[in-house]
Amino acid sequence: MAYVGPAAVIDTVTGVFESRDPVLIEDEGHQLLVGGDGETKARQCTVLVALTTRRCGDAKVVVIDAAKMPFIARNIHLAWGEGQPSILTRNSAKQAANRAAACGKFVPKNGGSCDEYSFATTDEGGSGARTEEVPLREQRCQGGAISAGYAKAKVGQGDSFLVVIASPAQVATAGFAGADVADVQVEQCAL
């Protein structure tokens, strides 16, 4: 391996030690969870600003609310811990292929549905996505939340955005076993 200059060496060494473990950010009584790779962007504003304006500095923010989607939030949380990024790039043209690659052979065991992270509507989705069974209601909720999130944050095709989890204390601690445990059980989750 050859490097052209000191900046390349620094970037490479920094990347080796960069943690993608989820980080809890708390201020003024508000909390959010973000993957370690997105912490710097998430700290460019207050938690309340990120959750309401869907912007944090130059970053567009898409919110997944664990109070409404605890098992989807769990899958994202675990995916971040396994190295999946919290900064994604929208590419809706890949949705069908990504969903088939991630969930095509998935067999639910508890009457639920396949959830994948990174999202199917992103460049990062597809065969490398982390999958987990979640309640079908959460899948419906997530579809609306992501669509509304793209609209509210003005995430266009090819735009990068930061995924954060609101209500992090509500992230499911165990996998879906057939019971929907969400505090807020709604089908449409346009946040």
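That block above? That's the structure.
Report on the accompanying structure.

Thresholds, definitions, all that
- Residues numbered from 1 in each chain as written.
- Predicted model: local features only at pLDDT ≥ 70, side-chain atom pairs only at ≥ 80, totals over all residues.
- Heavy atoms only, no water.
- Disulfide = S-S within 2.5 Å.
- Helix = DSSP H or I, 4+ residues; strand = E, 2+ residues; numbered from the N terminus.
- Phe/Tyr/Trp six-rings, centres within 6.5 Å; stacked < 30°, edge-to-face > 60°.
- Buried < 20%, exposed > 50% of the residue type's maximum accessible area, 1.4 Å probe, protein only.

Chemically, a disulfide is nothing more than a covalent bond linking the sulfur atoms of two cysteines. For the structure on display, the rule yields two disulfides. Residue pairing for Cys103: its cysteine sulfur links by disulfide to Cys114, the two sulfurs lying 2.0 Å apart. The chirality of the disulfide connecting Cys103 with Cys114 is left-handed, given an S-S dihedral of about -65°. Placement of Cys103 in helix H5 (residues 95-103) and of Cys114 in strand S6 (residues 113-117) is noted, with a sequence separation of eleven residues between them.

What the rule picks out here adds up to four aromatic pairs. Aromatic pair Trp80 and Tyr117: ring centres 6.3 Å apart, planes at 90°, arrangement edge-to-face. Of this pair, Trp80 sits in helix H4 (residues 70-81) while Tyr117 sits in strand S6; the two residues are 37 residues apart in sequence, bridging distant segments of the chain. The burial state of Trp80 is the same as that of Tyr117; both residues are buried. Centre to centre, the rings of Tyr117 and Phe119 are 5.2 Å apart; their planes meet at 85°, and the pair counts as edge-to-face. The exposure class of Tyr117 is buried, given its relative accessible area of 0%.

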